[in-house]
Amino acid sequence: MLDGILTGLGTAVMPMNLLMVFVGCFVGTFIGMLPGLGPISAIALMIPITYGLEPSSGIILMAGVYYGAIFGGSTSSILINAPGCSSTVVTAFDGYPMAQKGQAGKALALAAYASFTGGTISAIFLLVAAPALASVSLSFQSADYFALMVLGLTAVAAFSGKGQVLKALLMTVLGLMISTVGTDRSTGVERFTFGYIDLMDGISFLLLAMATFALAEVVMAVLKRDHLKEEENQTDSSQIGSMAVTKEEVKEVAPTALRSSVLGFIVGVLPGAGATIAAFLAYGMERNLAKAKEKLKFGSGSLRGLVAPEAANNASSSGSFVPLLTLGIPGSGTTAIMLGALIAYGIQPGPRMMIDNPDVFWSVIVSMYIGNIVLLILNLPLIPYISKLLMIPRTVLVPMILFFAITGVYLVSFNTFDIYMMVVFCAAAIGLRMLNFPMAPLLLGFVLGGLMENNLRRALMISDGSLSFLWERPITLVIVCITVLVLAAPVIQRLLQKKRNQSAPDTEFSAVNNEKKA
């Protein structure tokens, strides 16, 4: 392994490859900032350019674009509540409220530090544990994946306020229902398409995310006239806020960044899981671990709520290279495109890649750590300039968000039907938001719906239609037990709180009696 690392280091530090890292990070960050254009679009644009490069240089460039896009995707989430890609949807939950409070600079700085932490930890893990983790990911079966998806759905508690768990569960079910629209991949039967050919391929995640967040936010801002009343004077720089992070804040978020990085990397290693699920799980985990007072801050500008998904999604993007490079299985849609690029180069990813193409295998891993340093150097000095997006008048910013959201969705499919669908979902989202229904569980249910269905179907086929698959394998049983504990935790907390409230009056009454006797 040491020989491989030295080979990769020698290849990665070549001037051409260092240039590719820098170009990939810069292009990825810029594209990631644009709402609607995620890493998949960015890498797809890079493929024609990479054909004229050496295999190691081409893959390093695409890898730089990938984690650069996820690194930069948080910017539009924080500043205008329009996620640059699906994995940064969760960042908007606490990042955007911070920007509204005049802490955009701090939010962007924390996002940069969290992304760097997640990327660095995952790069080290990838360097040391890639061969071992490949065998672990290979041991996962359909039953384990289904149990993992159910565990992911228990994170709905993280997106619901006090007394709104039922609303969050209803939105999750709605998301699962929307995910069933389209053609069943196993049987080829059309489901809930109502005769529309445009619905045969299902509903795009980007369409749903843009409709429920970017468009809905714009329309809500228009409906609330006071938000659109523009002071003639532009926002002064003091409203952007300082980028400084205090020692107390570092102490608060450091454990969160470490935990979320490890979780994100583990989720990234599992084929098909991806950075979006990692971000949702990390956010849910942090909210469940938080104390009662801290939980109230989630969704309104919590530092932990911002750092957790940013560390997790960047760690997951590096983790997704484990199944790609060691098994030849793409861990996400983005790595699926990279798989095609590797095959076009005549390189077959899999267990023999470390032996047949060690320079490509190890140079990509080493370049990730270099890329994270480049991203931090690029992003931190640019934060004051990026934050000036807040100084754009609302009358200009609102049409810009509309333009990017609609154009981003249209460029994915070049189908005007998607625009009409987005308007319908936007109208529904506005109505639900007015009734205080959270939007995040809808997206979570939609993301996990297809994966849950496919893995449940395979697991039932293996177990002859019996639910015994939930406890037959130790890995599945452990995940199911964790899920039950997570679901039971809020109920147990409520019961304990009730007991405390009941015992408090008794204590006060006895104290009063003692005083009277005295």
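Residues numbered from 1 in each chain as written. Predicted model: local features only at pLDDT ≥ 70, side-chain atom pairs only at ≥ 80, totals over all residues. Heavy atoms only, no water.

In the nomenclature of an unreviewed UniProt entry, the protein chain is known as Tripartite tricarboxylate transporter TctA of Oceanospirillum linum.

## Description of the overall build of the protein chain
Heads up, the rule is: By the criteria applied, helices consist of DSSP H or I runs no shorter than four residues and strands consist of E runs no shorter than two, each listed in order from the N terminus. Two residues form a contact once any of their heavy atoms are found within 4.5 Å. Only the protein chains shown count as cover for residues, with accessible areas throughout obtained via the Shrake-Rupley method and a probe of 1.4 Å.
A count of helices and strands for the protein chain gives 24 helices and two strands. Within the protein chain, counting contacts between residues at least 6 apart in sequence, those at least 24 apart form 78% of the total. In the structure as shown, the protein chain presents an accessible area of about 23,500 Å², 68% of it carried by carbon and sulfur atoms.

## Looking at a nonpolar patch on the surface
Where we set the bar: Without a salt bridge and with relative accessible area above 30%, a residue can belong to a patch; like charges are then joined within 9 Å and nonpolar side chains (Val, Leu, Ile, Met, Phe, Trp, Tyr) within 5 Å. Here a salt bridge means any side-chain nitrogen of Lys or Arg lying within 4 Å of a carboxyl oxygen belonging to Asp or Glu.
A cluster of nonpolar side chains, Met16, Leu19, Phe22, Val23 and Phe26, forms an exposed patch at the surface whose accessible area comes to about 430 Å². Considering the arrangement of structural elements, one finds valine 23 in helix α2 (residues 15-33).

## Observations concerning helix α7 (residues 142-153)
The test is simple: Expected helix span is taken as 1.5 Å per residue step, with the number of steps being one fewer than the number of residues. Each residue's exposure class comes from its accessible area (1.4 Å probe, protein chains only) as a fraction of the maximum for that residue type: buried when under 20%, exposed when over 50%, partly exposed otherwise.
Helix length check: α7, at twelve residues, gives a terminal C-alpha distance of 17 Å against a target of 16 Å (1.5 Å per residue), a fit within 8%. Counted residue by residue, α7 has eleven buried out of twelve residues, so it is predominantly covered. Along α7, the positions that sit buried rather than exposed are Ser142, Ala143, Asp144, Tyr145, Phe146, Ala147, Leu148, Met149, Leu151, Gly152 and Leu153.

## Examining the packing of aromatic side chains
Quick reminder of the rule: Aromatic rings from Phe, Tyr and Trp, taking only the six-membered ring of Trp, are treated as a pair when their centres fall within 6.5 Å; an angle between ring planes under 30 degrees marks them as stacked, one over 60 as edge-to-face, and anything in between as tilted.
Overall, the coordinates contain four aromatic pairs when judged by the stated rule. Plain terms: the ring middles of phenylalanine 93 and tyrosine 283 are 5.6 Å apart, the flat faces sit at 75° to each other, and that makes the pair edge-to-face. Placement of phenylalanine 93 in helix α5 (residues 91-100) and of tyrosine 283 in helix α13 (residues 274-289) is noted, with a sequence separation of 190 residues between them. Phenylalanine 93 sits in the buried class, given a relative accessible area of 13%.

## Notes on the nonpolar core
Under the convention used in this document: Residues grouped as a nonpolar core are buried Ala, Val, Leu, Ile, Met, Phe, Trp, Tyr and Cys residues, joined through side-chain atoms within 4.5 Å.
One finds Ile78, Phe93, Ile203, Phe425, Leu443 and Leu448 to be the most contacted residues of the largest nonpolar core, which totals 86 residues. With twelve residues, the top contributor of residues to this core is helix α9 (residues 205-223). With residues up to four places along the chain from it excluded, the contact list for leucine 448 reads Met149, Gly152, Leu153 and Ile277. Judged by nonpolar contacts, the second largest core, of 50 residues, contains Cys25, Ala42, Ala123 and Leu375.

## Notes on the environment of lysine 106
Using the following cut-off: Definition of a polar contact: a pair of N or O atoms within 3.5 Å, with one able to donate and the other able to accept a hydrogen when the atoms are protein atoms, and with sequence-neighbouring residues admitted only if both atoms are side-chain atoms.
Relative to the helices and strands, lysine 106 resides in helix α6 (residues 104-139). Polar side-chain contacts of lysine 106 include one of 2.7 Å to the side chain of glutamate 249.

## Describing unusual backbone geometry
Non-glycine residue phenylalanine 192 carries a positive phi angle of around 55°. Residue placement: phenylalanine 192 occurs in the loop between β2 (190-191) and α9. Even without a glycine there, the phi angle at asparagine 436 is positive, about 65°. Mapped onto the elements of the fold, asparagine 436 is located in the loop between α21 (416-434) and α22 (440-462).

## Describing the side chain of threonine 212
Structurally, threonine 212 can be placed in helix α9. Judged by relative accessible area, threonine 212 falls into the buried class, the value being 2%. For threonine 212, the side chain forms a polar contact with the main-chain oxygen of leucine 208, separated by 2.7 Å. The residues touching threonine 212, leaving out its near neighbours within four places in the chain, are Ala429, Arg433, Met439, Leu442 and Leu443.

## Things to note about the packing of helix α8 (residues 165-179) against α22
What counts, and what does not: Only C-alpha atoms enter the line fits that serve as axes; for helices the fit covers just the stretch in contact. Angles between N-to-C directions range over 0 to 180 degrees. Here the angle decides the label: under 35 degrees means roughly parallel, over 145 means roughly antiparallel, 65 to 115 means roughly perpendicular, and every other value means oblique. Crossing handedness follows the turn of the near helix against the far one: under a right angle anticlockwise gives a left-handed crossing, and clockwise gives a right-handed one. Under the scheme applied, nonpolar residues are Ala, Val, Leu, Ile, Met, Phe, Trp, Tyr, Cys and Pro; charged residues are Asp, Glu, Lys and Arg; polar residues are all the others, including Gly.
At a closest axis distance of 7 Å, the pairing of α8 and α22 adopts a crossing angle of 45°. On the basis of their axis angle, the class for α8 and α22 is oblique. The hand of the α8/α22 crossing is right-handed. Contacts between α8 and α22 involve Ala168, Met171, Thr172, Leu174, Gly175, Leu176, Ile178 and Ser179 from the former and Pro441, Leu442, Gly445, Phe446, Gly449, Gly450 and Met452 from the latter. Split by residue class, the contact of α8 with α22 holds nine nonpolar, six polar and no charged.

## Describing the confidence of the model for the protein chain
Should the pLDDT be low somewhere, the predicted coordinates at that spot are not to be read in detail. Rule in force here: The score called pLDDT rates the predictor's confidence residue by residue, from a low of 0 to a high of 100.
Of the residues in the protein chain, 81% reach a pLDDT of 70 or more, and the chain-wide mean stands at 76. Looking across the protein chain, the model is least confident in helix α10 (residues 225-228), with a mean pLDDT of 47, and most confident in α21, with 88. pLDDT under 50 marks residues 226-238. Its contacts with residues more than four places away, or in other chains, come to 14 contacts.

## Thoughts on α22
Inclusion rule: A residue's bend is simply the angle between two axes: one fitted to the seven residues ending at it, one to the seven starting at it.
Between its first and last C-alpha atoms α22 spans 33 Å; for 23 residues at 1.5 Å apiece the expected length is 33 Å, and the two agree. The largest bend in α22 comes to about 35°, at glycine 449. Within two residues after α22, aspartate 464 carries a phi angle of roughly 55°, on the positive side.

## Details of the pattern of salt bridges
All told, the structure shown has seven salt bridges when counted by the stated rule. Several salt bridges share partner residues, and in doing so they unite Asp184, Arg191, Glu453 and Arg457 into one network.

## Digging into the packing of α2 against helix α4 (residues 55-80)
One way to put it is that α2 packs onto α4 with a least axis distance of 6 Å and a crossing angle of 30°. Classified by the angle between their axes, α2 and α4 sit roughly parallel to one another. In the crossing of α2 with α4, the sense of the turn from one axis to the other is right-handed. Residue composition of the contact of α2 with α4, by class: eleven nonpolar, 13 polar and no charged.

## Observations regarding the environment of asparagine 455
With respect to the helices and strands, the residue asparagine 455 is situated in helix α22. Judged by relative accessible area, asparagine 455 falls into the buried class, the value being 7%. As a C-alpha pair, asparagine 455 and glutamine 141 span 314 residues in sequence and 8.5 Å in three-dimensional space. The residues contacting asparagine 455, other than those within four sequence positions of it, are Ser142, Tyr145 and Phe146.

## Comments concerning the environment of glycine 64
Checked against the element boundaries, glycine 64 lands in helix α4. Setting aside anything within four residues of it in sequence, one finds glycine 64 in contact with Gly24 and Cys25.

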